[in-house]
Amino acid sequence: MTPELREQEERLQFDRFDHDDAWALGTRLVGLARERGHAVTVDIRLGDHQIFHYALPGTSADNDDWIERKIRVVRRFGHSSYLVGQTYRDRGTTFEEQSHLDAARYAAHGGCFPIILRGTGPVGTVTVSGLPQLDDHRLVVEALGLFLDERGSDEGSVA
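In this convention, every chain numbers its residues from 1, walking through the sequence in written order. Where local features are concerned, this predicted model is filtered to residues with pLDDT of at least 70; where side-chain atom pairs are given and counted, the filter is 80 or more; whole-chain, interface and lining totals use all residues. Side-chain measures here rest on the full set of heavy atoms in the structure, leaving out hydrogens and waters.

### Brief notes about the pattern of salt bridges
So the rule is basically this: The salt bridge definition used is simple: a Lys or Arg side-chain nitrogen within 4 Å of an Asp or Glu carboxyl oxygen. Strands here are runs of E lasting at least two residues and helices are runs of H or I lasting at least four, both read from the DSSP assignment and numbered beginning at the N terminus. Using a 1.4 Å probe on the protein chains alone, a residue whose accessible area is under 20% of its type maximum counts as buried, one over 50% counts as exposed, and one in between counts as partly exposed.
Evaluation of the coordinates by the stated rule reveals twelve salt bridges. Arg 28 is the partner of Glu 150 in a salt bridge, and the nearest nitrogen-oxygen pair spans 2.8 Å. Highlighted residues: Glu 150 in helix H6 (residues 133-155) and Arg 28 in helix H2 (residues 19-36), separated in sequence by 122 residues. Taking the relative accessible area as the measure of exposure, Arg 28 reaches 24% and is therefore partly exposed.

### Points about the sheet that holds strand E3 (residues 49-55)
Spelled out, the test is: Each pair of strands is called paired provided DSSP finds at least two bridges between the two strands.
Read from one edge to the other, the open sheet built from five strands follows the order E1-E4-E5-E2-E3, with strand pairing classed as mixed. Two strands bound the open sheet, and with one partner strand each, they are strand E1 (13-14) and E3.

### Considerations on the packing of helix H1 (residues 2-11) against helix H4 (residues 81-90)
In plain terms, the rule: Convention adopted: a line fitted to C-alpha atoms gives each axis, helices being fitted over their contacting stretch, and angles between N-to-C directions are expressed from 0 to 180 degrees. An angle below 35 degrees is read as roughly parallel, one above 145 as roughly antiparallel, one from 65 to 115 as roughly perpendicular, and any other as oblique. Crossing chirality is assigned from the near helix's rotation relative to the far helix, an anticlockwise turn below a right angle marking it left-handed and a clockwise turn marking it right-handed. Between two residues, a contact is recorded if the distance between any of their heavy atoms is within 4.5 Å. Three classes are used: nonpolar for Ala, Val, Leu, Ile, Met, Phe, Trp, Tyr, Cys and Pro, charged for Asp, Glu, Lys and Arg, and polar for all others, with Gly counted as polar.
Viewed as axis vectors pointing N to C, H1 and H4 meet at an angle of 155 degrees, and their least axial separation amounts to 10 Å. In terms of their interaxial angle, H1 and H4 are classed as roughly antiparallel. Crossing of H1 over H4 shows left-handed handedness. Residues Thr 2, Leu 5, Arg 6 and Glu 9 of H1 pack against Tyr 82, Leu 83, Gln 86, Thr 87 and Asp 90 of H4. Grouping the amino acids of the contact of H1 with H4 by side-chain chemistry returns three nonpolar, three polar and three charged.

### A look at the environment of Arg 118
We apply this condition: Throughout this description, a polar contact denotes any pair of N or O atoms lying within 3.5 Å of each other; where both atoms belong to protein, one of them has to be capable of donating a hydrogen while the other can accept it, and for residues adjacent in sequence the pair is counted only when both atoms sit in side chains.
Here Arg 118 is to be found in the loop between strand E4 (112-117) and strand E5 (121-129). Note on Arg 118: relative accessible area 32%, which makes it partly exposed. Sequence separation between Arg 118 and Gln 13 is 105 residues, and the spatial gap between their C-alpha atoms is 6.1 Å. Polar contacts involving the side chain of Arg 118 include one to the main-chain carbonyl oxygen of Gln 13, which spans 3.4 Å.

### Comments concerning the packing of helix H3 (residues 61-77) against H4
One can describe the packing of H3 onto H4 by two numbers: an axis separation of 8 Å at closest approach and a directional angle of 75 degrees. Relative to H4, the element H3 lies roughly perpendicular. The residues of H4 that touch H3, namely those facing Lys 70, Val 73, Val 74 and Phe 77, are Ser 81, Val 84 and Tyr 88. When grouped by side-chain class, the residues that make up the contact of H3 with H4 number five nonpolar, one polar and one charged.

### Brief notes about the nonpolar core
In summary, soluble globular proteins display a tendency toward joint burial of nonpolar side chains. This is how the line gets drawn: We call a set of buried residues a nonpolar core when its members are Ala, Val, Leu, Ile, Met, Phe, Trp, Tyr or Cys and they connect through side-chain atoms within 4.5 Å of each other.
Among the nonpolar cores identified, the biggest contains 28 residues, and Phe 14, Phe 17, Leu 25, Ile 44, Val 126 and Leu 144 are the most heavily contacted of them. When residues of this core are traced back to their parent elements, those giving at least two are H2, strand E2 (41-46), E4, E5 and H6. It is H6 that provides the largest number of residues to this core, a total of seven residues. The contact partners of Val 126, leaving out residues within four places of it in the chain, are Leu 25, Leu 29, Asp 43, Ile 44, Gly 111, Cys 112, Phe 113, Ile 115, Val 140 and Leu 144.

Interpretation note: all reported values are geometric properties and have no functional meaning in isolation.
So this is what it looks like as structure tokens:
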């Protein structure tokens, strides 16, 4: 699974990303979650600046805590929170056992994906919390793919 996760990070990159993009991506994620009856919280940041945040009915402040913990992992490692956790699982251990990081502050659970600018690297995060970790991850990846595909057809760029 790890090669697939790395491929996602190579494929799901932006030429540019701004506040309007955060709104469009965030509302797409909320729309997908609503259509499927998912109770999730969605968060998008550029650097430390929270640009988009929405909590669907059925979520709680616990989801906000999970988001913060997942974001810390992506910022520290530069990869999706699911990929970081999977890397440890591939070694036959867990992030919690081997990272030597405070589990109350860091969660290598799926749902946070870096916003990567081509030629620059990670500049922000898009995070979902509320589903099992693989489903959180898949929802973010799906929304990013749809968003980039749409942008490519609108602007002629290849995503």
